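Here's the letter readout for the chains.
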Amino acid sequence: MRHIRLLLLLVAVASCFGACNKFDLSHVQAVHTEGEMLLPVSNGSYTIVDLMQRFQMDSLIDYDQSGNMSYNLLFDQMGLLKGSELLKFNDLEINEHFEVPNPLPGVVLPFPVDTMFQYTQTVQLESEYVSVRSATMKSGRFEFGVSSNVPDIRQIVISSSDIKDEEGNAFSFVFDPESGQSGIDLSGVRFETAEENTLHFNYAVRAKVQELPMEGFVFDIDLKGKDLAVQDMSGFVNTYSIRSTLDTVFSVFPDNMSGMLDLENILVTLSARNTFGLEARFFVDSALISGNDIEPFQLVSPLPLEVSATSSPIFIQMFQQYLNGTLNAHAGHAHISTDLVLNPNGTHELVEVSEASSIDLRVHANVPFQFNIDEIHYIDTVNMRLSQLQSPEWIKKLTLELTFVSTIPFNLNGRFMMYDSEHDVVTYNLLDNATLIASSYDGTPTTTQVTIEITDETMIQENVFNSDRIILDFVLGTESHDVVLNANQNLNFTLKAKVDYEGDINLKSN
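Being a predicted model, the structure only gives us computed values, none of them experimental. (Residues numbered from 1 in each chain as written. Predicted model: local features only at pLDDT ≥ 70, side-chain atom pairs only at ≥ 80, totals over all residues. Heavy atoms only, no water.)

**Describing the overall build of the protein chain**
Put simply, the rule reads: Each helix corresponds to a stretch of at least 4 residues labelled H or I by DSSP, and each strand to a stretch of at least 2 residues labelled E; elements are numbered beginning at the N terminus. With a 1.4 Å probe rolled over the protein chains alone, any residue whose accessible area is under 20% of its type maximum counts as buried; one over 50% counts as exposed, and the rest are partly exposed. Method for areas: the Shrake-Rupley scheme with a 1.4 Å probe, in which residue coverage is limited to the protein chains shown.
Regarding its fold elements, the protein chain presents four helices and 29 strands. Sorting the 510 residues of the protein chain into buried and exposed places 48% on the buried side. Within the structure as shown, the protein chain displays about 24,300 Å² of accessible surface, and the carbon and sulfur contribution to it stands at 46%.

**Structural notes on the pairing of strand β24 (residues 411–420)**
The condition is simple: Only when DSSP finds a minimum of two bridges between them are two strands counted as paired.
Of all 10 residues making up β24, eight are buried, and the element is well covered by its neighbours. Where β24 lies against strand β25 (residues 425–437), eight bridges are found, and the strand directions are antiparallel. The residue bridging methionine 417 from the neighbouring strand is asparagine 429, located in β25. Hairpin connection, β24 to β25: the antiparallel pair is bridged by four residues, and aspartate 424 has positive phi, about 55 degrees.

**With respect to empty space enclosed by the protein**
Here is the rule we go by: A cavity here means a set of 1 Å grid points, computed over protein atoms only, where a 1.4 Å probe fits but cannot escape. A pocket is an open set with protein on both sides within 12 Å along at least 5 of 7 lines, and lining residues have an atom within 4 Å of a point. Grid points are joined across faces, edges and corners, and a volume is the space filled by probe spheres set on the points. Each residue gets one label: Ala, Val, Leu, Ile, Met, Phe, Trp, Tyr, Cys and Pro are nonpolar, Asp, Glu, Lys and Arg are charged, and the others, such as Gly, are polar.
Enumeration over the complete set of coordinates arrives at five cavities of 30 Å³ or more. Contributing to the lining of the second largest cavity are 13 residues, with Leu73, Ile266, Phe297, Leu299 and Leu327 lying nearest its centre. Of all elements in the fold, only β3 (69–82), β14 (257–274), β18 (312–328) and β21 (358–368) reach the threshold of two or more residues within the lining of the second largest cavity. Here the residues of the lining of the second largest cavity sort into 13 nonpolar, no polar and no charged.

**Quick notes on the layout of surface pockets**
Roughly 200 Å³ of internal volume is contained in the largest pocket. Along the walls of the largest pocket sit Val146, Ser147, Ser148, Ile153, Arg154, Gln155, Ile156, Phe175, Asp176, Pro177 and Glu178, which together make up its complete lining. Those elements that place two or more of their residues in the lining of the largest pocket are β6 (130–148) and β7 (153–164). Top contributing element to the lining of the largest pocket by residue count: β7, with four residues.

**Topic: the confidence of the model for the protein chain**
We count it as follows: Residue-level confidence of the predictor, termed pLDDT, takes values from 0 up to 100. Any two residues whose heavy atoms approach within 4.5 Å are treated as being in contact.
Across the protein chain, the average pLDDT comes to 79, with 76% of residues at or above 70. Taken as a whole, residues 1–33 scores under 50 in pLDDT and shows 104 contacts with residues more than four places along the chain or in a different chain.

**Concerning the side chain of aspartate 420**
Note the following rule: Polar contact is the term for a pair of N or O atoms within 3.5 Å; when the atoms are in protein, one must be able to donate a hydrogen and the other to accept it, and sequence-neighboring residues count only if both atoms are side-chain atoms.
Note on placement: aspartate 420 falls in strand β24. Among the polar contacts listed, one links the side chain of aspartate 420 to the backbone nitrogen of glutamate 422, at a separation of 3.1 Å.

**Some points on the pattern of salt bridges**
For the record, the criterion: The salt bridge definition used is simple: a Lys or Arg side-chain nitrogen within 4 Å of an Asp or Glu carboxyl oxygen.
Scanning all chains against the criterion turns up 13 salt bridges. Between aspartate 152 and arginine 154 there is a salt bridge, and its shortest N-O distance comes to 3.0 Å. The exposure class assigned to arginine 154 is partly exposed, which follows from its relative accessible area of 48%. Residue aspartate 339 pairs with arginine 243 through a salt bridge whose shortest N-O separation is 3.3 Å. Taken as a pair, aspartate 339 in strand β19 (residues 332–342) and arginine 243 in strand β13 (residues 240–250) lie far apart in primary sequence, 96 residues in all. Accessibility expressed as a relative area gives 30% for aspartate 339, which makes it partly exposed. Taken together, the salt bridges that share partners define one network made up of Arg190, Glu192 and Asp232.

**Concerning the nonpolar core**
Buried together is how nonpolar side chains tend to be arranged in soluble globular proteins. Under the convention used in this document: Only buried residues count toward a nonpolar core, which is a set of Ala, Val, Leu, Ile, Met, Phe, Trp, Tyr and Cys residues joined through side-chain atoms within 4.5 Å.
The biggest cluster of nonpolar side chains holds 111 residues, and the ones touching the most others in it are Phe144, Phe201, Phe282 and Leu342. Broken down by element, the residue count for this core peaks at eight residues, all from strand β12 (residues 216–237).

**Here's the deal with the packing of aromatic side chains**
The line we're drawing: When two rings of Phe, Tyr or Trp (its six-membered ring) have centres within 6.5 Å they constitute a pair, described as stacked for plane angles under 30 degrees, edge-to-face for angles over 60, and tilted for the intermediate range. Counting as a charge over the ring demands two things of the Lys NZ or Arg CZ atom: a distance within 6 Å of the ring centre and an angle within 35 degrees of the ring normal.
Scanning the entire structure with this criterion turns up 12 aromatic pairs. Taking 5.0 Å as the distance between ring centres and 15 degrees as the angle between the ring planes, the aromatic pair formed by tyrosine 119 and tyrosine 203 counts as stacked. With tyrosine 119 in strand β5 (residues 107–124) and tyrosine 203 in strand β11 (residues 198–212), this residue pair connects regions lying 84 residues apart in the sequence. According to the relative accessible area criterion, tyrosine 119 is buried, its value standing at 8%. Of the residues examined, tyrosine 203 reaches a relative accessible area of 1% and is grouped as buried. On the numbers, 4.9 Å between centres and 85 degrees between planes, the contact of tyrosine 129 with tyrosine 240 is edge-to-face. Here the residue tyrosine 129 occupies a position in the loop between β5 and β6, and tyrosine 240 occupies one in strand β13, the gap between them amounting to 111 residues. Three or more aromatic residues joined by ring pairs form one cluster here, namely Phe98, Phe117, Tyr119, Phe142, Phe144, Phe171, Phe173, Phe201, Tyr203, Phe217 and Phe219. Taking the ring centre of phenylalanine 315 as reference, the NZ or CZ of arginine 362 above it sits at 4.2 Å.

Structure follows, in structure tokens:
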């Protein structure tokens with residue numbers, strides 16, 4: 001919306017000054033005595049579409065079959081909920097005591113004997129959100145610690161048939177604290193288990209024994225798990241809720257514009273993309289548009305609004321509604337707050353979830369160019385190159401004659417001032433509150449003629465030719481009319497430029 005309106009304002013500027021840089025004076029070498037020189041006539045004809053292409057407008061404008069235009073205003077909340085937020089386990093620390101009775105307490109064997117002690121440990125992984133049957137680990141580490149009253153432990157092998165490496169081999173780890181091997185990195189391993197969030201570890205302890213004074217063989221197992229995160233999983237997802245807020249400032253027009261715009265029939269659409277494989281539900285309690293000097297209004301009504309987002313790899317519509325509102329030309333403020341609930345009914349359904357799973361919300365406002373403008377104020381500058389005219393001391397009067405023929409449905413009044421950017425001063429007032437474009441409300445072309453004259457010789461020689469820019473101060477309005485912009489509306493212009501001179505003038509074209 002901001003670009004197309006800027007386009008409509010700039011068309012007069014481009015028309016006036018785009019041609020001023022194209023004077024071909026190569027055929028004139030010198031002129032002596034008094035006279036008048038008519039510089040080449042420039043003209044152009046543009047539809048709204050032509051002008052958008054000319055000024056490289058973006059792709060946010062839509063056209064229907066009749067050429068009526070609309071602007072797409074998008075507010076995206078990407079990643080309201082991400083799979084990576086759910087697919088993780090709490091850090092764990094398990095201290096477990098095992099004791100194996102000694103069948104020969106107090107016996108001293110005649111020679112050392114190799115023996116093996118075996119036991120099984122069940123580890124319950126804890127998660128607030130997911131119950132996992134199978135998963136690929138993104139990160140994590142298990143650290144083991146073993147202490148025992150068995151004096152000569154030669155080797156401890158820890159294994160689990162629930163865990164497979166990347167080649168599909170069952171997990172097996174030789175615990176050897178003396179060599180620094182007391183833990184294992186779980187990144188990339190996969191586990192599958194019949195019991196949700198449950199792993200089984202088998203410990204095989206090889207020891208050499210001879211004296212057996214103890215009543216039983218004691219083993220204390222310490223297991224720590226850290227940074228346990230899942231890359232993808234098959235399992236169950238618990239009901240999960242999160243609060244989200246979008247609070248942003250958006251610009252309808254450029255910063256150098258001000259004023260109010262009444263809009264009608266804005267089509268607001270709420271859409272969501274849900275790749276969790278489970279239903280999600282949005283509870284929207286605020287969708288407020290506000291700004292300076294406007295009455296705040298809600299994008300949707302009534303509130304709170306409850307809508308569901310089924311599983312889909314693309315955005316699908318959840319809600320749609322028409323509304324009217326007023327926007328500040330300079331900027332607006334959008335505040336959207338929602339409660340998002342995943343699996344709101346607590347369905348116990350086996351699903352596939354990955355860290356890339358997400359829920360995204362999109363608020364799309366399609367704004368037709370049907371509006372009523374009280375007064376939009378626009379200020380800008382354009383460069384100019386009067387240095388193309390040599391010997392300005394002989395110029396007595398500069399005259400620009402512009403003719404606009406328009407079917408565009410708004411007025412454009414303007415004030416033009418010549419400006420010296422090096423010294424930051426306004427050097428000359430070219431126009432003051434002149435009508436540049438007269439509106440056409442019924443499609444009938446309107447014609448406007450504007451003549452700009454500079455007759456002050458001192459001003460021409462000392463001020464005008466020191467100016468390198470023109471300040472454009474525009475006011476745009478529709479005189480309380482409700483108007484519609486259409487791609488077929490057009491603007492035609494012609495430009496005549498005259499130089500009245502006295503003396504020897506050398507003219508050179510760039």
